[in-house]
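Listed below, chain by chain, are the residues.
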Amino acid sequence: MQPILEVRDLRVEFATRRGTLRALDGVSFSIMPGEVLGVVGESGAGKSMTGAAIIGLLEPPGRIAGGQILLNGRRIDNLRYEEMRRIRGKEIGAIFQDPLTTLNPLYTVGDQLVETMLTHLPIGAAEARKRAVNWLEMVGIPAAAQRVDSYPHEFSGGMRQRVVIALALCAEPRMVVADEPTTALDVSIQAQVIALLKSLAREKGMAMMLVTHDMGVIAETADRVAVMYAGRIAEIGPVRAVVQAPRHPYSAGLMASIPPLDRKVEHLAQIEGAMPRLSAIPEGCAFNPRCPHVFDRCRAERPELLETGATRAACWLYDPASEKQAPEALRHA
Amino acid sequence: MAAFILSRILQAIPVMLVVAFISFAMFTYVGDPVAIMLGQDFTEAQRAALVSSLGLDQPFFVQFARFIGQAVQGEFGLSYRLSRPVAELIAERAPATLELAFCAAGIALVVGVAMGVYTGLYRNSWLSRALLTFSLVGVSLPPFLIGILLILIFSVWLGWLPSFGRGEVVQLGWWSTGFLTWSGLKALVLPSITLGLFQLTLIMRLVRAEMLEVLRTDYIKFARARGLSNRAVHFGHALKNTLVPVITIAGLQLGGIIAFAIVTETVFQWPGMGLLFIQSVSVADIPVMAAYLLLIALVFVSINLAVDLLYYAVDPRLRVGRGRGH
């Protein structure tokens, strides 16, 4: 089966006064129809940047400097603005973080839905309005037939995110990029919105790229997970393997820092140090200054994604030719 | 809505009273109209007769109360200088000023918004830079200088446009209009540009700044992510969100245009209210000056009310109490 989205060796650069910064370096992954890929990592790891690159809305001076993005086998990273505009909303939907600011305050939610559908679908205004009410019902807005004429400020945060989801999906894209869709919401609302997204994705057979730093959301929703660090993918694999048996020392640190619920701990586990700034990414493996298992090769050569069994990890511990092999703690036999 | 308008009108009354009081009080000190009206030779009896016929021998507050009482009925007394009813003088001059202000405001709004949108969208193009530089000229040069420069270029050197007056006017009832004759239209060009240029550059810079601000917002990013056309994003979503501050400033500026038409009218010898005011100042024609200031205050108050109502039309968040909540 052909993946719906394929990202190959994506490189995003920022030209700044002090030289070119590489925000994404060699990012590759693919998403199959109906699959949810979770993308996790610390702030600044490049998660949102990857999403922005896919929908073709990198903020200047950021630009795609290399690699390819394929949607249904067709390259979309080199399209002109107008061609890409027709794809946005129609073939790739996008959901952003803060529902309080993503809706235009001066238009009713119905107007915004109708406008989006009329842009992409061959339907008339009356049909679009009917579908707008339908969509609001589908995302769980009560009394949708009346609320369709309400303005965004007349909805609560959770309801607005439902509206945003309806807007992102109303032209029926097969692929959705959701950038931290629950981060700005109350915890009690988060679960509802995630459940909604998940059920809509299943119902419509949509593929989804779910960017978040919330491991709970990932465990709940994703089929596969990509862990990003300093603009690169550190580890990618099925959600169960990455969460329960991470192979990359960074993923292992990340998972260990989730507080356990079943026992009391004095201190939360944490990874020493901080993620490097883009202007100071170290030679070799970007994680090497913080890695508890670092050895000479990590400081000299940059690891590609290597097979580790259940997942693939960018770590020299998994190269049979390395002088040091993965310790017991990372092997999860 | 009706309650809102009513409350604003009630609020306007003290404002108008204060303006009336200040202008009336101020004008008691600007000069002695009696001395000017009598000329060189007069007897003490003539002087006393004139003073009492003008009511100037009465206490200040009695004079003020009488002034207010008459003003409410639209009666501003006789001009000392022209011995004609002030209301008639102003009604005669108002069309000239209002047409000039209308054209100036129209130019400022249409060109200012268009240039603001352009410079906001294409902020690095050479045309944007040129427009911004040009706008500095508009902001920093005083209108009388711009007027004189325009006269020099277009009237003296090129001879295309008249340098003074309104041209031929057509009477429509009591309203005299310059819109219906070619010479009237030609005469409007230079004064309108002179009067509107400052507001034009102000509106342009305001719209540009607001556009830059709005284009960075999440809802614009989301509108793009939904694949809306550039046109819909720029004009439907971005421009509309810049309108509230633009309406505020443009409204205040419109009042300013009418009030400060004085300078432009003087430069172009435009037969409007501003010129009437200036001529009245030099002879301490108190009734005319007081009536003019009251009228200007009324214009400001009405424009502010109109601006508040426009907010409601543009921004749904201000329409509270429509009974449709969460």
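Looking at an unreviewed UniProt entry, chain B carries the name ABC transporter permease, with the source organism given as Siccirubricoccus soli. According to the UniProt record, the Subcellular location (unreviewed entry) comment for chain B reads "Cell membrane". Its UniProt record, at the heading Sequence similarities (unreviewed entry), says of chain B: "Belongs to the binding-protein-dependent transport system permease family."

Under an unreviewed UniProt entry, the name given to chain A is ABC transporter ATP-binding protein, and the source organism is Siccirubricoccus soli. What UniProt states about chain A under its Subcellular location (unreviewed entry) heading is, verbatim, "Cell inner membrane".

Visitor: Mind showing me how you'd approach the overall build of chain B here?
Guide: Assigned secondary structure in chain B consists of 13 helices and 2 strands. For the C-alpha atoms alone, the extent of chain B along its principal axes is close to 85 × 60 × 35 Å. For chain B, with 326 residues in total, the buried portion stands at 35%. Contacts in chain B between residues at least 24 apart in sequence constitute 72% of all its contacts with a sequence separation of at least 6.

Visitor: Would you take a moment to explain the UniProt feature "domain: ABC transmembrane type-1" (unreviewed entry) in chain B for this structure?
Guide: Mapped onto this numbering, the UniProt entry annotates "domain: ABC transmembrane type-1" (unreviewed entry) at residues 94-311 of chain B. The span residues 94-311 of chain B carries 79% helix and 3% strand; its end-to-end C-alpha distance comes to 28 Å.

Visitor: Any chance you could explain the UniProt feature "transmembrane region" (unreviewed entry) in chain B here in plain terms?
Guide: All names here are of chain B. UniProt marks residues 12-30, 98-118, 130-160, 180-203, 243-270 and 290-314 with the feature "transmembrane region" (unreviewed entry), using the numbering shown here. Annotated as residues 130-160, this span is 84% helix and 0% strand, and its ends, taken at the C-alpha atoms, are 26 Å apart. As a span, residues 180-203 carries 92% helix and 0% strand, and end to end its C-alpha atoms are 29 Å apart.

Visitor: Is there a simple way to think about the pairing of strand β3 (residues 36-40) of chain A in this case?
Guide: Regular strands show a simple pattern: their side chains alternate between the two faces of the sheet. All names here are of chain A. By the criterion of burial, β3 is predominantly enclosed, with 5 of the 5 residues buried. Burial of the side chains of β3 extends over both faces: Val36, Gly38 and Val40 are buried on one face and Leu37 and Val39 on the other. As paired elements, β3 and strand β8 (residues 207-211) share 4 bridges and run parallel to each other. When the sheet's bridge partners are listed, Leu37 is paired in β8 with Met209. Where β3 lies against strand β9 (residues 224-229), 4 bridges are found, and the strand directions are parallel. Bridge pairing in β9 links Val40 to Val227.

What counts as what
Residues numbered from 1 in each chain as written. Chains lettered and ligands numbered in written order. Predicted model: local features only at pLDDT ≥ 70, side-chain atom pairs only at ≥ 80, totals over all residues. UniProt positions renumbered as here; feature names shortened; annotations may be inferred. Helix = DSSP H or I, 4+ residues; strand = E, 2+ residues; numbered from the N terminus. Buried ≥ 20, exposed ≤ 12 C-beta atoms within 10 Å, placed from the backbone. Contact = placed C-beta atoms within 7 Å. Pairing = 2+ DSSP bridges.

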